[in-house]
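Observations on chain architecture
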Amino acid sequence: MAPDRLPHEKGFHVSWDQLHRDARALAWRLDGQGPDNGAWRAVVGITRGGMAPAMIVSRELDIRLVDTISVKSYNHQSQSAPVIIKMPDRDLVGDGTGVLIVDDLVDTGRTLEVVRATMPKAHVATVYAKPMGRPQVDTYITEVSQDTWIFFPWDMALQYVKPYRAGE
Ligand SMILES: O=P(O)(O)OC[C@H]1O[C@H](OP(=O)(O)OP(=O)(O)O)[C@H](O)[C@@H]1O
Ligand SMILES: O=c1[nH]c(=O)c2nc[nH]c2[nH]1
Ligand SMILES: [Mg+2]
């Protein structure tokens, strides 16, 4: 008998193509929503996962001022307290007015809590969101359940999979 469940049923696997489409959708949602006649001043990507969507958003919205904030917290799937190990240029971001902070996803919201505290007036956008972290995000595209692990294309490789009904 075939198993009731596919392997990784609670895994959400994102291809480069899917990420590109979802990050573009995020950009289009943010278009015209900035505080200066709809414009955004700068993008700050949260390293490392936020760098790919930050690049796509800044490209779509023609934002040339792009910086990063580096946060370390997860080691594989276990999290410790997030620590900021590199700040963006303070003269560029100020209190965050007109700044778009971009990350690939919010899970518990701990990373964004720490980042928000450094730029309280910034707008926070992620491509994916889990319910616990949603209050930390102003704009996101796709929500997945809390017990789903999102697998990003930079963490995966194409490989052979056995047929669903493998011969005994
Ligand atoms: O909402 P949270 O529970 O804080 O988790 C979300 C953060 O975790 C991941 O980053 P990670 O710390 O794995 O680092 P990376 O981006 O360098 O891979 C992800 O890219 C988010 O930044
Ligand atoms: O690749 C990842 N997928 C996730 O679902 C996740 N949650 C926190 N950090 C994460 N990293
Ligand atoms: Mg990250």
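To keep things clear, this report deals only with the structure shown in the data block. Everything numeric in this text was worked out from a predicted model, so none of it was measured.

1. Some details on the site of ligand 1
Ligand 1 sits among 15 residues. The nearest are Tyr74, Asp103, Asp104, Thr108 and Thr111. Contact distances for ligand 1 include 2.8 Å between an oxygen atom and a backbone N or O atom of Asp107. Alone, ligand 1 offers 500 Å² of accessible surface; in the complex the protein occludes 86% of this. Comparing atom positions with the cavity grids shows ligand 1 to sit within the largest pocket. Counting residues per element, the ones that place at least two in the shell around ligand 1 are strand 3 (66-75), strand 5 (99-106) and helix 4 (110-118).

2. A look at the layout of surface pockets
Approximately 950 Å³ is the volume attributed to the largest pocket. Contributions of two or more residues to the lining of the largest pocket are made by strand 2 (42-47), strand 3, strand 4 (78-86), strand 5, helix 4 and strand 8 (149-151). With six residues, the top contributor of residues to the lining of the largest pocket is strand 3. Among the residues forming the lining of the largest pocket, the class breakdown is 12 nonpolar, 12 polar and eight charged.

3. Let's talk about the sheet that holds strand 2
Taken in spatial order, the six strands line up as 4-3-2-5-6-7 in an open sheet, and their pairing is mixed. Where the open sheet ends on each side, the last strands, each with one partner, are strand 4 and strand 7 (139-143). Going across the sheet, the axis of each strand differs from the next one's by a mean of 20 degrees, ignoring polarity. Inspection of the sheet shows strand 2 paired to strand 5 by four bridges, in the parallel sense. Across the sheet, Val44 pairs through a bridge with Ile101, a residue of strand 5. Sheet contacts for helix 4: strand 2, strand 3, strand 4, strand 5 and strand 6 (123-129); angle to strand 4, the most-contacted strand, approximately 25 degrees.

4. Description of the site of ligand 2
If you check the shell around ligand 2, you find Tyr74, Leu105, Asp107, Lys130, Trp149, Ile150 and Phe152 and nothing else. The separation between a nitrogen atom of ligand 2 and a polar side-chain atom of Trp149 is 3.4 Å. One of the backbone nitrogen or oxygen atoms of Ile150 is found 2.6 Å away from a nitrogen atom of ligand 2. Look at ligand 2: alone it shows 280 Å² of surface, and the protein chains cover 87% of it. Because more than half of its atoms lie within 2 Å of the grid, ligand 2 is assigned to the largest pocket. Looking at the shell around ligand 2, its residues break down into five nonpolar, no polar and two charged.

Analysis parameters
- Residues numbered from 1 in each chain as written.
- Chains lettered and ligands numbered in written order.
- Predicted model: local features only at pLDDT ≥ 70, side-chain atom pairs only at ≥ 80, totals over all residues.
- Heavy atoms only, no water.
- Near = heavy atom within 4 Å.
- Polar contact = N/O pair within 3.5 Å; in protein donor to acceptor, adjacent residues only side chain to side chain.
- Areas by Shrake-Rupley, 256 points an atom, 1.4 Å probe, with all protein chains shown as cover.
- 1 Å grid on protein atoms, 1.4 Å probe; cavity = no way out; pocket = protein on both sides within 12 Å on 5 of 7 lines; lining within 4 Å.
- Sits in = over half its atoms within 2 Å of the grid points.
- Helix = DSSP H or I, 4+ residues; strand = E, 2+ residues; numbered from the N terminus.
- Points joined across faces, edges and corners; volume = space filled by probe spheres on them.
- Nonpolar A, V, L, I, M, F, W, Y, C, P; charged D, E, K, R; others polar.
- Pairing = 2+ DSSP bridges.
- Axes fitted to C-alpha atoms, helices over the stretch in contact; angles between N-to-C directions.
- Contact = heavy atoms within 4.5 Å.

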